[in-house]
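# Tertiary structure, described
Residues per chain, in single letters:
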There are 2 protein chains.
Amino acid sequence: MRSVSQKATPDASRRSETARRAILTAALDLVGRVGYAKLTIEGIATAAGVGKQTIYRWWPSKGSILFDAFLSLTTDQQDGALPDTGDLAADLKLVLRATVDELQDPGFDLPMRALHTEIVHDPVLAADYATRLDEPMRELKRDRLRAAQRAGQMSEDVDLDVAVDLLFGPILNRWVQRTGPLTHEYVDLVVDTALRGLKP
Amino acid sequence: MRSVSQKATPDASRRSETARRAILTAALDLVGRVGYAKLTIEGIATAAGVGKQTIYRWWPSKGSILFDAFLSLTTDQQDGALPDTGDLAADLKLVLRATVDELQDPGFDLPMRALHTEIVHDPVLAADYATRLDEPMRELKRDRLRAAQRAGQMSEDVDLDVAVDLLFGPILNRWVQRTGPLTHEYVDLVVDTALRGLKP
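Position numbers for residues start from 1 in each chain and track the written sequence from start to end. Labels are handed out in written order, letters beginning with A for the chains and numbers beginning with 1 for the ligands. This being a predicted model, a pLDDT of at least 70 is required before a residue's local features are given, and a value of 80 or more before pairs of side-chain atoms are given or counted; all residues contribute to the totals for chains, interfaces and linings. Note that the side-chain values use all heavy atoms of the structure and ignore hydrogens as well as water.

## A look at the relation of the copies chain B and chain A
- Superposition of the copies used a least-squares fit over C-alpha atoms from residues whose pLDDT is at least 70 in both. Note on the copies: chain B fits chain A at an RMSD of 0.0 Å, the axial shift is 0.0 Å, and the rotation between them is 180 degrees. Both copies are brought into coincidence by an operation consistent with a two-fold rotation axis. Minimal C-alpha distance to the rotation axis in chain B is attained by Gly197(B), lying at 1.6 Å.
- In what follows, residue pairs with any heavy atoms lying within 4.5 Å of each other are defined as contacts. When you check the interface residues of chain B against chain A, 100% turn up at the interface there too, and the contact is symmetric in its surfaces.

## Topic: the domain arrangement of chain A
Residue and element names in this part refer to chain A.
- Split by domain assignment, chain A resolves into domain 1 (1–60) and domain 2 (80–200).
- Here the C-alpha centre of domain 2 lies 31 Å away from the C-alpha centre of domain 1.
- Contacts between the two partners involve six residues from domain 1 and, on the opposite side, five residues from domain 2.
- Put simply, a salt bridge is a Lys or Arg side-chain nitrogen that is within 4 Å of an Asp or Glu carboxyl oxygen. Our count for the contact surface shared by domain 1 and domain 2 stands at zero salt bridges.
- Counted as a polar contact is a pair of N or O atoms within 3.5 Å, where, for protein atoms, one must be capable of donating a hydrogen and the other of accepting one, and residues adjacent in sequence contribute only when both atoms are in side chains. Taken together, domain 1 and domain 2 are joined by zero residue pairs in polar contact (both at pLDDT 80 or more).
- Side-chain classes are defined by residue name, with Ala, Val, Leu, Ile, Met, Phe, Trp, Tyr, Cys and Pro counting as nonpolar, Asp, Glu, Lys and Arg as charged, and the others, Gly among them, as polar. Class assignment for the residues of the side of domain 1 that touches domain 2 results in four nonpolar, two polar and no charged. Start and end points for every domain follow an automatic or database-based domain assignment.

## Considerations on unusual backbone geometry
- One non-glycine residue, Arg178(A), lies in positive phi territory at about 50 degrees.
- The numbering of helices and of strands both runs from the N terminus, where a helix is a DSSP run of H or I of at least 4 residues and a strand a run of E of at least 2. The residue Arg178(A) is located in the loop between helix 8 (160–177) and helix 9 (184–198) in this model.

## Overview of helix 6 (residues 106–119) of chain B
Residues and elements named next belong to chain B.
- Helices are assigned an expected span. That span is 1.5 Å times one less than the residue count. The terminal C-alpha atoms of helix 6, which comprises 14 residues, lie 19 Å apart, in line with the 20 Å expected from a rise of 1.5 Å per residue.
- Each residue is assigned to one of three classes by its accessible area relative to the maximum for its type, calculated with a 1.4 Å probe on protein chains only: buried under 20%, partly exposed between the two thresholds, exposed over 50%. With respect to burial, helix 6 is a largely interior element, 11 of its 14 residues being buried.
- Within helix 6 the residues assigned to the buried category are Phe108, Asp109, Pro111, Met112, Arg113, Ala114, Leu115, His116, Thr117, Glu118 and Ile119.
- Between a side-chain oxygen at the N-terminus of helix 6 and the backbone nitrogen of Gly107 the separation is 2.8 Å; the capping residue is Asp105.

## Remarks on the UniProt feature "DNA-binding region" (unreviewed entry) in chain A
- Per the UniProt record, "DNA-binding region" (unreviewed entry) is found at residues 40–59 of chain A.
- Helix makes up 75% of residues 40–59 of chain A and strand 0%, whereas the separation of the span's terminal C-alpha atoms amounts to 13 Å. UniProt positions are given in the numbering used here, feature names are shortened, and annotations may be inferred rather than shown by experiment.

## Considering the pattern of salt bridges
Residue and element names in this part refer to chain B.
- If you walk through the whole model with that rule in mind, you get 40 salt bridges over all chains.
- For Asp91, the salt bridge identified is with Arg144, shortest N-O distance 2.9 Å. Here Arg144 lies in helix 7 (residues 123–150) and Asp91 lies in helix 5 (residues 88–103), a separation of 53 residues in the sequence.
- Salt-bridge contacts for Arg138 lead to Asp165; the nearest nitrogen and oxygen are separated by 2.8 Å. Here the residue Arg138 occupies a position in helix 7, and Asp165 occupies one in helix 8 (residues 160–177), the gap between them amounting to 27 residues.
- When its relative accessible area of 6% is taken as the criterion, Asp165 is described as buried.

## So, the side chain of Glu118(B)
Residue and element names in this part refer to chain B.
- For Glu118, the location among the structural elements is in helix 6.
- Despite its burial, Glu118 pairs with no opposite charge; the closest candidate is Lys62, at 6.9 Å N-O.
- Residues contacting Glu118, with those up to four places away along its chain left out, are Tyr36, Ala37 and Leu125. His is not counted here, nor are the chain ends, while Lys and Arg score as positive and Asp and Glu score as negative.

## Comments concerning the interface of chain B and chain A
- If you look at the interface, chain B gives 38 residues, while chain A gives 38 residues.
- Note on definitions: buried area is the accessible-area loss of two parts on being combined, 1.4 Å probe, summed for both. Around 3300 Å² of area is buried between chain B and chain A when both sides are counted, 59% of it from carbon and sulfur atoms.
- Area buried by chain B at its contact with chain A is led by Val120(B), Gln177(B) and Arg196(B), which between them contribute 20% of it.
- On the surface where chain B and chain A come into contact, there are four salt bridges.
- For Asp157(B), the salt bridge is made with Arg196(A), and the minimal N-O distance between the two is 3.5 Å.
- Taken together, the connections running from chain B to chain A amount to 15 residue pairs in polar contact (both at pLDDT 80 or more).
- For the side of chain B that touches chain A, the elements supplying multiple residues, two or more each, are helix 6, helix 7, helix 8 and helix 9 (184–198) of chain B.
- If one sorts the elements of the side of chain B that touches chain A by residue count, helix 8 of chain B sits on top with 10 residues.
- Of the residues that constitute the side of chain B that touches chain A, the class distribution is 17 nonpolar, 10 polar and 11 charged.

Structure follows, in structure tokens:
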């Protein structure tokens, strides 16, 4: 029994990881097509080619699957910390240019819009979003700005949350309301203008 | 015939204005309760106590009613131009504090969320919003910032759209995503930090 289990574990683990990836991919694809309101565990299971029980073993709700799917997308791409080459403006432009590219990629834009369609009027989902997605990403942004403060590139008395909001808020807001084009030129102007106010 | 018409006109005009106000109020109230998707001309007519034909005489669609309703709300409150006391920071804080108060008033918050629920995933409605609501308000904001440039309180080389986005974007974004409390203290910090970068 023990030797069987020892032999089976690597295979089972690979199978689990494959199923987990298939479920997260299916959830993102499906929510972009049908919207959050019509997203179901059953639909995700069918699209991922797994049983509903496999999903319920790992996730209690469709919201928890979707948040893990967004987290895996973000983690895959940004690998944790924001870049720190010592040039704050260049690093922020790199991150924000990647953000607007991502926001214009249908594979990210559509599920993100489906999620925001609900967040706008659902305070419980919004609180989940704030805690599980926004706050971990925000902490990475604050870390980069703290490093800039230590390097003497940003004023010590700046409220770091306000700084994050000035840098990322305009881009997210333009994405939500579509009040203007999300170009790299726009990103660069936002970063340069915001940083003028954040310098020592 | 002519004298009858002359006598009837003021009454008819008063009745029209009363009906128009009732329709706009009913549209705002209803969209906050049932959402934009379930808002109908019939529902608005019933709630306003007018016939559907009265509505169709003035508006071609529910979207056009709702935009006029938001415009009338905004126009009633802000009376056109932004305040200009000569103190840019104080004037912006006044406007943005009023904005967050408004965004937390259920009579404005609920219809605005219902509208944004659709705007997030409907590019046509978003374009209407950008043209009919955002752009006229944005022009008023740019006007105030242009006056600040003439008064030597804002750098001449600042892109005015980026300046508007830095000042208003963080607040709208915090309202959409509910990632933090919309307080007057937050407003003041955003204005003070953004203006540091906008000064000559």
